[in-house]
Amino acid sequence: MAKLEILIAPDPRLKKVAQPVERVDDEIRRLMDDMLDTMHGARGIGLAAPQVGVSKRVLVVDVARENEDPRPIRMANPEIVWESDDSICVEEGCLSLPDQYAEVERPERIRVRYIDHENEIRELEADGLLSKCIQHEMDHLDGVLFVDYLSALKRKMILRKLAKTRRQDAVSV
Ligand code: GNR
Ligand code: NI
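The structure contained in this document is the topic of the report that follows. No experiment lies behind these values; they were computed from the predicted model shown.

Criteria and thresholds
- Residues numbered from 1 in each chain as written.
- Chains lettered and ligands numbered in written order.
- Predicted model: local features only at pLDDT ≥ 70, side-chain atom pairs only at ≥ 80, totals over all residues.
- Heavy atoms only, no water.
- Helix = DSSP H or I, 4+ residues; strand = E, 2+ residues; numbered from the N terminus.
- Rg over C-alpha atoms; globule rule 2.2 N^0.38 Å.
- Contact = heavy atoms within 4.5 Å.
- Areas by Shrake-Rupley, 256 points an atom, 1.4 Å probe, with all protein chains shown as cover.
- Lys, Arg positive; Asp, Glu negative; His and termini not counted.
- Charge placed at Lys NZ, Arg CZ, Asp CG, Glu CD.
- Expected span 1.5 Å × (residues − 1).
- Buried < 20%, exposed > 50% of the residue type's maximum accessible area, 1.4 Å probe, protein only.
- Pairing = 2+ DSSP bridges.

**Focus: the overall build of the chain**
Along the backbone of the chain there are three helices and seven strands. Across the chain, helices and strands are ordered from the amino to the carboxyl terminus as α-β-β-β-β-β-β-β-α-α. For 173 residues, the compact-globule estimate of 2.2 N^0.38 gives 16 Å, and the chain sits close to it at 16 Å. Considering only contacts within the chain whose residues lie at least 6 apart along the sequence, 64% involve residues at least 24 apart. Of the roughly 10000 Å² that the chain leaves accessible, carbon and sulfur atoms contribute 48%. Here the chain carries 27 positive and 34 negative side-chain charges, and the mean point of each set is 7 Å from the other.

Dropping the structure here:
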């Protein structure tokens, strides 16, 4: 497995709508494994392919705690087939928006249909952190970041701060 570079906002590649995969073959399986490696290395609980510059509808999540056995989930072409009427507001972070956090309201429970790493169609019902994380990753496949749920002013402040940090990093190396 290989670690990939995680794109940081603002980056136009994070704003694109990703393409469905035709089938999960060795190339996609390898991408999923590399994404899990990258995500675990960055101590994240989820990662979507656009975050590593691949415009495909592929995501991985693992909400196991560090003292628990890993529980990786690999998904291609995920679709929400049901969501609960009740929603909850939880603070989110994003590996593409380092050190930025904000509360986002989303449906509490979802049922998602996807293609797994063996190219089988599966369904999964999720609540709690897993539900939040899958929805956050699915947003990435449509070019949506959690800052897009904030006011335009808050979003601009966060993106300007990140752009400035990147310019400073660029001169100091
Ligand atoms: O690591 C992550 N933590 C997190 C916390 C609350 C809600 C969503 C997330 S996903 C994030 C990793 C990431 O950026 N995935 O795209
Ligand atoms: Ni994210």
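Past the structure itself, the notes keep going.
**Quick look at helix H2 (residues 128–141)**
Residue pairs spaced three or four apart in an α-helix point in one direction, given the helix's 3.6 residues per turn. Here H2 spans 21 Å end to end across 14 residues, near enough to the 20 Å set by a 1.5 Å rise per residue. By the criterion of burial, H2 is predominantly enclosed, with twelve of the 14 residues buried. Buried residues of H2: Leu130, Ser131, Lys132, Cys133, Ile134, Gln135, His136, Glu137, Met138, Asp139, His140 and Leu141, and no others.

**Looking at the pairing of strand S3 (residues 73–83)**
Both strand S2 (residues 58–61) and S3 contribute to a ladder of four bridges, which runs antiparallel. Bridge pairing links Val58 to Ala76 in S3. Across five bridges, the pairing between S3 and strand S6 (residues 110–115) is antiparallel. Its bridge partner being in S6, Ile80 is matched across the sheet by Val112.

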